[in-house]
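Report on the structure
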Amino acid sequence: MNENKKIPMWQKICYGCGAGGGNVMSTLLASFLLSYYTDTALIASAAIGTMFVICRLFDGVTDFAMGGIVDKTNTKIGKARPWLIIAAPLMCIGIILILSVPQGWSSAMKLVYAYVTYIFLNCIVYTIFGIAHAALLARMTRDFKDRTTTSTVSSILNNAVGLVVGTMITALQLNFGWTVTGIILGVIAGVLILIPGLLCEENVGMSEGGQGKKDNGPSMKEQLPAVLKNKYFWLSLLIGVFTLLVNANAIAAQIYYCNVVLGDPMYMTTLMSVGQLPGIIILFFMPYFSNKFSKRAFMACGGVLMIIGFVLIGLAGTNKMLLLAGTVLRSIGIGPMFAGIYAFVADAADYGEWKYGIRSEGLISSSQSIGSKIGIGFGSAVTAWILAAVGYDATAATQASSVVTAIRFDYGWLGAIISVFLLICVLQMDVEKYLPEIRKAVGEKKPQM
């Protein structure tokens with residue numbers, strides 16, 4: 001098959017629908033799950049923060065295992081698509097379960113239920129989806145410019161779904177309760193994830209006629225050392241960690257900022273809108289700037305804007321205009337991060353094949369699954385730990401001044417600090433300089449599977 005063929009726009013949109021489906025879960029976990037656990041299920045914030053981190057240990061095992069499974073999968077429709085089809089109904093079930101903590105249970109049993117459902121949704125279901133979806137981009141084409149465009153379209157749809165879901169969850173919860181909200185979100189996520197599984201086409205590593213290759217290829221023992229030697233695997237992982245960490249932490253703190261600092265819970269809807277829309281708009285310019293300069297340059301500019309935006313938020317206090325200005329800059333800056341990282345993962349897979357002679361889309365893609373879940377987990381955990389450390393009381397009518405100060409730091413200054421580390425990682429991600437040579441060397445030959 002023509003492994004350098006252009007991806008039709010309708011398939012780029014279908015691929016982006018999958019990203020949107022995953023973002024339904026990401027938005028829920030990053031923005032509202034901590035608040036649901038502490039204020040509705042009445043589970044201690046410190047216990048939830050610890051749970052978020054403990055589950056990361058399990059994640060590392062499942063992510064690498066799933067990456068190896070994707071690499072070893074051989075079907076008529078490819079390696080990644082079957083797993084998206086499997087992930088779709090599981091995502092629906094997982095979202096419904098995680099928002100259904102039994103209210104009549106003891107605190108200990110509620111925490112056990114939270115652990116089980118969180119591990120199922122985040123460590124198993126999202127692992128299947130995340131690795132399969134990232135691997136699919138690397139298998140749709142070897143044309144790195146077209147992959148950047150596809151990743152940009154995907155990120156636009158991802159952010160659009162995040163904008164819609166983020167602004168509708170509060171209204172759904174207030175009008176229908178968490179159980180109905182979970183059902184609605186679960187169905188939306190499942191349908192969106194199913195679309196790329198059914199409609200996208202894998203071309204890289206597929207035989208003529210669309211048959212998946214039947215050879216077993218390199219063993220995990222051979223693939224894993226090659227992946228771990230690939231510096232761009234580690235940089236992709238770190239960029240994913242810091243991007244999701246800064247985003248999840250900001251969004252987790254945002255609901256408490258609106259409730260406690262501003263005294264205006266419904267302002268969450270405004271901040272969610274302003275925090276998504278500018279990032280969507282800036283993505284339309286990414287293909288032009290990436291082709292004229294590089295993804296790294298575009299992402300680095302985004303990192304600088306993130307730092308400035310978070311500094312403004314840190315200074316804002318109850319000044320809503322300054323808060324909005326900082327949120328707009330943060331949104332513009334983080335947009336290129338989400339768009340560029342998936343294209344970088346595909347580039348890293350090409351680099352690994354060129355440098356070490358082994359192509360491992362699944363294991364390379366595990367960098368994003370690991371990175372995103374570490375980021376979301378620790379981002380929400382940091383907020384939970386900060387609240388616990390300063391004595392946040394969900395039942396109190398008025399919070400202590402130390403709580404207000406801590407929430408302001410968490411929402412603004414901590415984001416600026418994390419953004420500095422993110423910018424440093426982006427500047428080290430120089431894989432694009434090798435892509436013309438990689439394409440010339442391996443683009444026309446059959447890849448090792």
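Refer to the structure presented above.
Anyway, here's the lowdown on the structure attached to this text. Small disclaimer: the values here were computed from a predicted structure and weren't measured. (Residues numbered from 1 in each chain as written. Predicted model: local features only at pLDDT ≥ 70, side-chain atom pairs only at ≥ 80, totals over all residues. Heavy atoms only, no water.)

What the protein chain contains, in helices and strands, is 15 helices and zero strands. In terms of overall dimensions, the protein chain is globule-like: its C-alpha atoms have a radius of gyration of 21 Å, near the 22 Å expected for 449 residues. With respect to the principal axes defined by its C-alpha atoms, the protein chain has extents near 65 × 45 × 35 Å. Across the 449 residues that make up the protein chain, the buried fraction comes to 61%. (Helix = DSSP H or I, 4+ residues; strand = E, 2+ residues; numbered from the N terminus. Rg over C-alpha atoms; globule rule 2.2 N^0.38 Å. Buried < 20%, exposed > 50% of the residue type's maximum accessible area, 1.4 Å probe, protein only.)

This structure, assessed with the given rule, holds 11 salt bridges. As a salt-bridge pair, Lys295 and Glu432 come within 3.3 Å of each other at their nearest N and O atoms. Pair noted here: Lys295 is in helix 11 (residues 295-316) and Glu432 is in the loop between helix 14 (401-428) and helix 15 (435-442), with a separation of 137 residues, a long-range link. In terms of burial, Lys295 and Glu432 fall into one category: buried. (Salt bridge = Lys/Arg side-chain N within 4 Å of Asp/Glu carboxyl O.)

Within the fold, Ile188 resides in helix 5 (residues 144-199). Of the residues examined, Ile188 reaches a relative accessible area of 27% and is grouped as partly exposed. When the C-alpha positions of Ile188 and Ile341 are compared, they lie 24 Å apart, and in sequence the two are 153 residues distant.

Turning next to the state of the cysteines. What the rule picks out here adds up to zero disulfides. No disulfide involves Cys17; its sulfur sits 5.9 Å from the nearest other cysteine sulfur, which is in Cys14. On the accessibility criterion, Cys17 (16% relative accessible area) is buried. (Disulfide = S-S within 2.5 Å.)

Moving on: the nonpolar core. The biggest cluster of nonpolar side chains holds 126 residues, and the ones touching the most others in it are Leu28, Tyr37 and Met91. Looking at which element gives the most residues to this core, the answer is helix 7 (residues 231-262), with 21 residues. Excluding residues within four positions of it along the chain, Tyr37 makes contact with Leu42, Ile43, Ile48, Met51, Phe52, Ile98, Val101, Ala114, Thr117 and Tyr118. One finds Ile156, Ile280, Leu283 and Ala339 within the second-largest nonpolar core, a separate group that totals five residues. (Core = buried A, V, L, I, M, F, W, Y, C linked by side-chain atoms within 4.5 Å. Contact = heavy atoms within 4.5 Å.)

Looking at the element boundaries, Gly16 is found in helix 1 (residues 9-40). Remark: the alpha-carbon pair of Gly16 and Asn158, spanning 142 residues in sequence, is separated by 6.4 Å. Ignoring any residue separated from it by four or fewer positions in sequence, one finds Gly16 in contact with Ser154, Leu157 and Asn158.

Looking now at the packing of aromatic side chains. Per the counting criterion, the structure on display carries 14 aromatic pairs. With a centroid separation of 5.5 Å and 50 degrees between ring planes, the pair formed by Tyr351 and Tyr434 is classed as tilted. A residue pair is termed long-range when its members are at least 10 positions apart, and Tyr351 in helix 12 (residues 320-356) and Tyr434 in the loop between helix 14 and helix 15 qualify at 83 residues. Judged by relative accessible area, Tyr351 falls into the buried class, the value being 6%. Exposure remark for Tyr434: the relative accessible area of 22% places this residue in the partly exposed category. (Phe/Tyr/Trp six-rings, centres within 6.5 Å; stacked < 30°, edge-to-face > 60°.)

Shape descriptors only; they carry no functional weight alone.
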